[in-house]
Amino acid sequence: MENFIKFFLHPKLREDSENFLKGRLFFTLLMISVFLTIMLAFDVRRAMDNMVTYQLIFLVLSATVGLLYLRLVGNLRTLGFLYALISWVGFSSIIATTGGGNSPAIPSLLTSIIPAFIFGSRGVGTFWFIINFLTASIFIYMSRMELYGFDMGMDPSKFFLKSAFHVGQIVFTTLVFVAYLKYNELIKGNLKNVNFDLIEREKQVKASEEKFRAIAENFPNGLIVILDKDLNFIDAVGEAVNKAADEISNKEFLGLNMREILGDEEFKIREPYYLSALTGKTAVFESFYEGDYYLNSVSPIMNLQGEVERVLIASQYITDQKQNELKLEQRNRIIGESFTYAKRIQDGLLGNISDLHDFFPNSFLYFQPKELLSGDFYWFGERDGKKIIIAADCTGHGVPGALMTMIGINFLNEIVYTYGMTKPDLILHQLDQKVTDALINQNKNEIVQDGMDIAVLTYDSAANKMYFSGAMNPLFICRKNGENQRVKGCKFPIGSTHYGFEKYFESHEFEVEYGDKFYIYSDGFQDQMGGHNGKKYKSTNFRELLSVLSNEPMKKQGILLEKSFIEWKSDRDQIDDVLVIGIEC
């Protein structure tokens, strides 16, 4: 409907909001005049058929003149005066030929002053009101003097109905006049608010654009683009624009849609982010355009009413950073592949956990590295009928710890299978010498802190005895009769050259009864932070847990131990590698 009305308005009435509202009102009044004239035409037809033609001619004349002037000139003040003049001439002519003061056109004469009041000035409206009032009075007076052949012998009932119809027309015309005066006041009040809002809106948008423009002038390696609500280009500023000023100008893009600037393919990629900004949301995305990478932020610029007025695109040139990221990703991928390969090597050296059941059918091994590579390791083997099982915790974890595990595993293979040693204390003594020599050769004239904490068990099934020796790490025994025993390891680790004396590793010997259970472990479980207070699990609680679980089958103990660790750790980070080995003789 609004576009239909715009067709009848002069261009200057379409551009200005206030004039558009007035033009729309004048168009409405013309339509109402047409309606009233049609009513008069039918009334005249009943009174005098030959006057219908005059009514229609006047209708076409006044409406055509009004619409043409509205479309071609658009001066509403002059149009109001002109329309009142045409109405006065036309209606006066009709009245003069249709019965004077008894003419049904007299009420319509009064409606011609409405445009004069609304679109002209009060003086113009008053002038036409006096002219029309005097004209109507003259015609009524002349009809009283029977100059128009007024039939005084008219049937009273018809005279009453005709008079009532005229009174109704006058009342209707008056109501229309008053209603449009009120409507005009309302329109003026609304126009003031609309103009105020428009002015404030423009101020806010300009302030926002100036603020962003000030930021953009110093925007390093990037640009800021401002679009309208239809995604048409308005302006662009920034260091990237300044550099390209000799090759391209903003004027070349002014008014172009982003689809035209970017092309269909690139626009389809960015369109969801633009549409998101039009709904009031900010979107951030990376793009690759003409060989370069950009980090883009698409944001709405809002007015006082919270409506989106503009779309702001901030694009940061990040090609250098992106290339560095790609190089870093490539390096990380290579390092990751190296770690994976190192993991396979470490797993190969450690051996399959399931092989432990070949040595001790009733046993479990819970092994949970903190990272891909572990600083804890296990070792088991058999020599001369004696089964040996070892749990070790090397200095550090990850890559440094994994390197120490490889050193330790290789030396243990040599000590047991080449030298034939099976006693735990001798194994530790030989291992300490080899690790210390290896570290000293790599770090001459330096005190070496690296090493490992280790627990060694040797089971002699023929003698039904268990032998233990530990470097820092203990042994925990749960007897079949319900007694528990903790055996501490020696107070110095394998390696570490700062002690200044030869280390001595004490050996412990135990008679074994069927159903006795032996546990060796690293400190990863008991040092783990967790629980409600985020504190360490602690060694006392760990031994108590082993004591409780010792009543369960060994395989189930391993499952319950893992479950307990996960529940204790919860969503906290694991702080160290975890290794627990349990065997039942």
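The structure presented is a predicted model; accordingly, all values stated were derived computationally and were not measured.

Comments concerning the sheet that holds strand β4 (residues 292-302)
- Spatial strand order, β2-β1-β5-β4-β3: five strands in an open sheet with antiparallel pairing. Both outer strands of the open sheet, β2 (233-237) and β3 (283-289), are each paired with one neighbouring strand and no more. In this sheet, adjacent strand axes meet at a mean angle of 25° when their direction is disregarded.
- One ladder, built from seven bridges, connects β3 with β4; its direction is antiparallel. Its bridge partner being in β4, S287 is matched across the sheet by Y294.
- Strand contacts of helix α13 (residues 264-278): β3, β4 and β5 (308-317), with the helix running at about 160° to β3, the strand carrying the most contacts.

Some points on the side chain of T436
- For T436, the location among the structural elements is in helix α17 (residues 424-442).
- Looking at T436, its side chain comes within polar contact range of the main-chain oxygen of D432, at 2.6 Å.
- Residues within four places of T436 in sequence aside, it is in contact with G495 and T497.

Thoughts on helix α19 (residues 554-569)
- Taking 1.5 Å per residue, 16 residues should reach 22 Å; α19 reaches 23 Å between its end C-alpha atoms and fits that length.
- Listed as buried for α19 are M554, Q557, G558, L561, F565 and K569. Seen end-on, α19 carries its buried residues on one side only, within an arc spanning 100°. Set apart from the buried face of α19 by more than 90 degrees, the exposed residues are K555, I559 and E567.
- At its buried positions, α19 is contacted by β6 (363-368), β15 (517-521), β16 (529-530), α18 (539-549) and β18 (578-584).
- Once α19 ends, the next one or two residues include S570, with phi positive near 55°.

As for the environment of L349
- With respect to the helices and strands, the residue L349 is situated in helix α14 (residues 319-350).
- It is 9.7 Å that separates the C-alpha atoms of L349 and Y378, two residues lying 29 residues apart in sequence.
- Not counting chain neighbours up to four residues away, the residues in contact with L349 comprise M406, I409 and N410.

What to know about a nonpolar patch on the surface
- Where nonpolar side chains cluster on the molecular surface, the patch consists of I335, F339, L372, V399 and L403 and spans about 400 Å² of accessible area.
- Of all the secondary-structure elements, those providing two or more residues to the nonpolar patch are α14 and α16 (398-418).
- Counting through the fold element by element, L372 comes out in the loop between β6 and β7 (376-383).
- Judged by its relative accessible area of 41%, L372 falls in the partly exposed class.

Some words on the packing of aromatic side chains
- In the structure shown here, the tally under the stated rule is 19 aromatic pairs.
- Seen from their ring centres, Y378 and F380 are 6.0 Å apart, and the 5° between their planes marks the pair as stacked. Like Y378, the residue F380 is buried in the burial classification.
- An aromatic cluster is present here, built from Y366, Y521, F525, Y537, F542, F565 and W568 joined pairwise through their rings.
- Geometry around F360 places K387 over its ring, the cationic atom sitting 5.6 Å from the centre.

Topic: the packing of α18 against α19
- Following both chains from N to C, one finds α18 and α19 inclined at 145°, their axes separated by 10 Å at the closest point. When the axes of α18 and α19 are compared, the crossing they make is right-handed. Across the interface between the two elements, F542, L545, L546 and L549 of α18 pack against Q557, L560, L561 and S564 of α19.
- The class makeup of the residues in the contact of α18 with α19 is six nonpolar, two polar and no charged.

Here we look at the pattern of salt bridges
- What the rule picks out here adds up to 13 salt bridges.
- The salt bridge involving E266 is made with R270; its shortest N-O contact spans 2.9 Å. Residue E266 and its partner R270 are located together in helix α13, separated by four residues, close to a single helical turn.
- Residue E266 is classed as buried on the basis of its relative accessible area, which comes to 13%.
- With a closest N to O distance of 3.7 Å, D384 and R383 form a salt bridge.
- We classify R383 as partly exposed; its relative accessible area is 27%.
- Put simply, E286, K322 and E325 are held in one network by salt bridges that share partners.

A look at the sheet that holds β6
- An order of β6-β18-β15-β11-β12 is seen for the five strands of this open sheet, with the pairing classed as antiparallel. Two strands lie at the open edges of the sheet, namely β6 and β12 (484-487), each paired on one side alone. Each strand of the sheet is rotated relative to its neighbour by a mean of 15°, with strand direction disregarded.
- Inspection of the sheet shows β6 paired to β18 by six bridges, in the antiparallel sense. Bridged to F364 within β18 is G582.

The rules we used
- Residues numbered from 1 in each chain as written.
- Predicted model: local features only at pLDDT ≥ 70, side-chain atom pairs only at ≥ 80, totals over all residues.
- Heavy atoms only, no water.
- Pairing = 2+ DSSP bridges.
- Helix = DSSP H or I, 4+ residues; strand = E, 2+ residues; numbered from the N terminus.
- Axes fitted to C-alpha atoms, helices over the stretch in contact; angles between N-to-C directions.
- Contact = heavy atoms within 4.5 Å.
- Polar contact = N/O pair within 3.5 Å; in protein donor to acceptor, adjacent residues only side chain to side chain.
- Expected span 1.5 Å × (residues − 1).
- Buried < 20%, exposed > 50% of the residue type's maximum accessible area, 1.4 Å probe, protein only.
- Arc of directions from axis to C-beta.
- Patch = residues over 30% accessible without salt bridge, like charges linked within 9 Å, V, L, I, M, F, W, Y side chains within 5 Å.
- Areas by Shrake-Rupley, 256 points an atom, 1.4 Å probe, with all protein chains shown as cover.
- Salt bridge = Lys/Arg side-chain N within 4 Å of Asp/Glu carboxyl O.
- Phe/Tyr/Trp six-rings, centres within 6.5 Å; stacked < 30°, edge-to-face > 60°.
- Lys NZ or Arg CZ within 6 Å of the ring centre and 35° of its normal.
- Left-handed = near helix turned anticlockwise from the far one by under 90°.
- Nonpolar A, V, L, I, M, F, W, Y, C, P; charged D, E, K, R; others polar.

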